Amino acid sequence: QLQLVESGGGSVQPGRSLRLSCVASGSIFKLYEMAWYRQAPGKQRELVAIISSGGDSTNYADSVKGRFTISRDNAKNMVYLQMNSLKLEDTAVYSCNARGDSPSTYGMSYWGKGTLVTVSS
């Protein structure tokens, strides 16, 4: 079992920045690929960014490329999402997801409860 807890959400004006954090506990963090998802009101959940278990590979949704950066610190069991140049349409609940990336964790998936990001003027 892996427990995930997000933090760092809040209310900001367009153009500002926020940094989300997700701390993991309960299992070996480096055995999991990590991702940030978001779900805006009335919309389906979408993948925002993903980072490999070793941190050497990342991928982003087109809507956030060049503005958001995902990173991880395996020594601290943390994954981050730096969000710059925030737009109104970035308003959503952001959730941290862990996906097993090793023979011992293959098929496992865990979610945090999410943190709300509101972008408004």
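Before reading on, note that the structure itself is shown above.
Residues numbered from 1 in each chain as written. Predicted model: local features only at pLDDT ≥ 70, side-chain atom pairs only at ≥ 80, totals over all residues. Heavy atoms only, no water.

Digging into the overall build of the chain
Here comes step 1: Regarding its fold elements, the chain presents 0 helices and 11 strands.
Here comes step 2: Overall, the chain shows an N-to-C arrangement of helices and strands of β-β-β-β-β-β-β-β-β-β-β.
Here comes step 3: A compact globule built from 121 residues would reach a C-alpha radius of gyration of about 14 Å, and the chain, at 14 Å, matches this within 12%.
Here comes step 4: Projecting the C-alpha coordinates of the chain onto the three principal axes gives extents of approximately 45 × 25 × 25 Å.
Here comes step 5: Each of the 121 residues in the chain was classed as buried or not, and the buried ones make up 43%.
Here comes step 6: Across the chain, contacts joining residues at least 24 apart in sequence account for 56% of those joining residues at least 6 apart.
Here comes step 7: Entry remark: accessible area of the chain is about 6400 Å², with carbon and sulfur atoms responsible for 47%. (Helix = DSSP H or I, 4+ residues; strand = E, 2+ residues; numbered from the N terminus. Rg over C-alpha atoms; globule rule 2.2 N^0.38 Å. Buried < 20%, exposed > 50% of the residue type's maximum accessible area, 1.4 Å probe, protein only. Contact = heavy atoms within 4.5 Å. Areas by Shrake-Rupley, 256 points an atom, 1.4 Å probe, with all protein chains shown as cover.)

Here we look at the nonpolar core
Here comes step 1: Ranked by size, the top nonpolar core spans 31 residues in total, and within it Leu4, Met34, Trp36, Val79, Leu81, Met83 and Tyr94 carry the most contacts.
Here comes step 2: Sorting the residues of this core by element identifies strand S3 (18–25), strand S4 (32–39), strand S5 (46–51), strand S7 (68–73), strand S8 (78–83), strand S9 (92–100) and strand S11 (115–119) as the ones contributing at least two each.
Here comes step 3: Contacts of Met34, omitting those with residues within four sequence positions, involve Leu4, Phe29, Ala49, Ile50, Ile51, Ile70, Arg72, Val79, Cys96, Asn97 and Ala98. (Core = buried A, V, L, I, M, F, W, Y, C linked by side-chain atoms within 4.5 Å.)

Some remarks on the environment of Tyr110
Here comes step 1: Position of Tyr110 relative to the elements: it lies in strand S10 (residues 109–111).
Here comes step 2: With 11 residues separating them in the primary sequence, Tyr110 and Arg99 have C-alpha atoms 6.7 Å apart.
Here comes step 3: Those residues in contact with Tyr110 that lie beyond four places of it in its chain are Gln1, Leu2, Leu4, Tyr32, Cys96, Asn97 and Ala98.

Concerning the side chain of Arg38
Here comes step 1: Among the secondary structure elements, Arg38 is positioned in strand S4.
Here comes step 2: Residue Arg38 is classed as buried on the basis of its relative accessible area, which comes to 5%.
Here comes step 3: Looking at Arg38, its side chain comes within polar contact range of the side chain of Glu46, at 2.6 Å.
Here comes step 4: A polar contact of 3.4 Å, which involves the side chain of Arg38, links it to the side chain of Ser63.
Here comes step 5: Not counting residues up to four positions away in its chain, the partners in contact with Arg38 are Gln44, Arg45, Glu46, Val48, Ser63, Val64, Phe68, Glu89, Asp90, Ala92, Val93 and Tyr94. (Polar contact = N/O pair within 3.5 Å; in protein donor to acceptor, adjacent residues only side chain to side chain.)

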